[in-house]
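Commentary on secondary and tertiary structure
Chain residues, written in single-letter form:
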Protein chains: 2
Amino acid sequence: MMNGNFTHIKPADIETESFRIIEKELENRKIRLRADQAPIIKRVIHTTADFEYADSLVFSENFMEKFRKVLDEKPLIVTDTNMALAGINKAALSKLGVEAVCFMAEKEIMAESKKLGVTRASLSIKKACEIERPIIFTVGNAPTALIELKEHMDRGYKPSFVIAVPVGFVNVVEAKELILESEVPYIVNRGRKGGSTVAAAIVNALLYMNGGR
Amino acid sequence: MMNGNFTHIKPADIETESFRIIEKELENRKIRLRADQAPIIKRVIHTTADFEYADSLVFSENFMEKFRKVLDEKPLIVTDTNMALAGINKAALSKLGVEAVCFMAEKEIMAESKKLGVTRASLSIKKACEIERPIIFTVGNAPTALIELKEHMDRGYKPSFVIAVPVGFVNVVEAKELILESEVPYIVNRGRKGGSTVAAAIVNALLYMNGGR
């Protein structure tokens, strides 16, 4: 590594040092996090360098207890982007016997989307809702995914867990409110912000907190 | 789509409407963007819902002219994460005859990283620098990738183009400065923020502005 202003540090220690800096800055901002939420919020800040997430991430009551219960049932994580899927730690998944998939680039989904003029995200959710297995929905991009999911919930479908952090300007805030008003166990980022990296960070934090590494 | 507060809109129109909202808010903030930078900055804001990028994205002189020249040489885009690679529009790549790769998860890179205690990002950059073809470096995650790249540049290597938007708390700000001080054509996001989604958004904007869709 070069001289100059760089911190000399082993690759393996970069994450630890990053979390130390994040903790210090949270302290400076007088932000105190709940123990069950802290590793998730800190990992999202680590992924975005954006401390706003300390205020905007919302957790349903007893979310961790409920997440653990789902984890015991060998659930399927369904993401709304291949980017989020790429960001989920594969070693952690395999250690916990959890599978993660994304249907967005599947040929049938693409063809049906074109034919019906419906977003691929909606069709992916529809497909996931038909799978008889506990599903952890992970939405980092498409508000239409949350709207579709809510419609299935209104007809009686029960998602096991919902991570709702789509980003954007059209129907994003409103779609997140649908989940916040529901009875489902959730982690939601209120407002416009979020994204695939945020979705993956939340999944990874949950996996790490439950024996994934 | 549901009733209530939702904007009723066709999926194909969501992006157009999002950009309209972004343009209006930029106007409200009295931010005027240069014509060659505007589509890139707006796409990054679209990806992050974070208007800070209007201030922090920095472009080298005549970056577009230089990018176009590289594009004519059928370059290879090398990303430092599979997430960024997943986010690059494959139809745009194929339309322009450009290839994109990520070496991070390759077995030899992983083995060598473990053996030498060097980040996979550094080793990926080293591998890219040995390829005799114009390379567009796209760094959304690892400052060590930029540090490694700068060392090759100091020994005479000339990258064709560098997109430097790693995110984080350790050596990120400093590593970006290395690129800002260099003679290479670049797009850099100054400060801590960035990420794989930002990297992919910049690549996509550049491709779209040059016939990629």
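Attention here is on the structure that accompanies the text. (Residues numbered from 1 in each chain as written. Chains lettered and ligands numbered in written order. Predicted model: local features only at pLDDT ≥ 70, side-chain atom pairs only at ≥ 80, totals over all residues. Heavy atoms only, no water.)

Residue and element names in this part refer to chain A. Among the 10 residues that make up helix α8 (residues 120–129), 7 are buried, leaving the element largely enclosed by the rest of the structure. Every buried residue of α8 is accounted for by A121, S122, L123, S124, I125, A128 and C129. Buried-residue contacts for α8 involve β2 (76–79), α7 (107–116), β4 (135–139) and α9 (143–154). (Buried < 20%, exposed > 50% of the residue type's maximum accessible area, 1.4 Å probe, protein only. Helix = DSSP H or I, 4+ residues; strand = E, 2+ residues; numbered from the N terminus. Contact = heavy atoms within 4.5 Å.)

Listed by partner, the interface residues are 46 residues for chain A and 46 residues for chain B. Taken together, both faces of the contact between chain A and chain B bury some 3500 Å²; the carbon and sulfur share is 74%. One salt bridge in this structure joins A:D50 and B:K193, with 3.8 Å as the shortest N-O distance. Applying the counting rule to chain A against chain B returns 4 residue pairs in polar contact (both at pLDDT 80 or more). Among the elements of the structure, α1 (11–28), α2 (38–48), α5 (82–87), α9, α10 (172–180) and α11 (196–212) of chain A are those that each provide at least two residues to the side of chain A that touches chain B. In terms of residue class, the side of chain A that touches chain B is made up of 22 nonpolar, 15 polar and 9 charged. (Buried area = accessible area lost by both parts, 1.4 Å probe. Salt bridge = Lys/Arg side-chain N within 4 Å of Asp/Glu carboxyl O. Polar contact = N/O pair within 3.5 Å; in protein donor to acceptor, adjacent residues only side chain to side chain. Nonpolar A, V, L, I, M, F, W, Y, C, P; charged D, E, K, R; others polar.)

Residues and elements named next belong to chain A. Here 6 strands make up an open sheet; going across it, the order is β1-β6-β5-β4-β2-β3 and the pairing mixed. Of all strands in the sheet, those bounded by a partner on one side alone are β1 (57–59) and β3 (99–102). Strand-to-strand twist in this sheet, taken as the mean axis angle between neighbours without regard to direction, amounts to 15°. Bridge analysis of β2 against β3 gives 4 bridges, and the strand direction is parallel. When the sheet's bridge partners are listed, L76 is paired in β3 with E99. Its contacts with the sheet place α10 against β1, β5 (161–164) and β6 (186–189), and it is angled at close to 155° to β6. (Pairing = 2+ DSSP bridges. Axes fitted to C-alpha atoms, helices over the stretch in contact; angles between N-to-C directions.)

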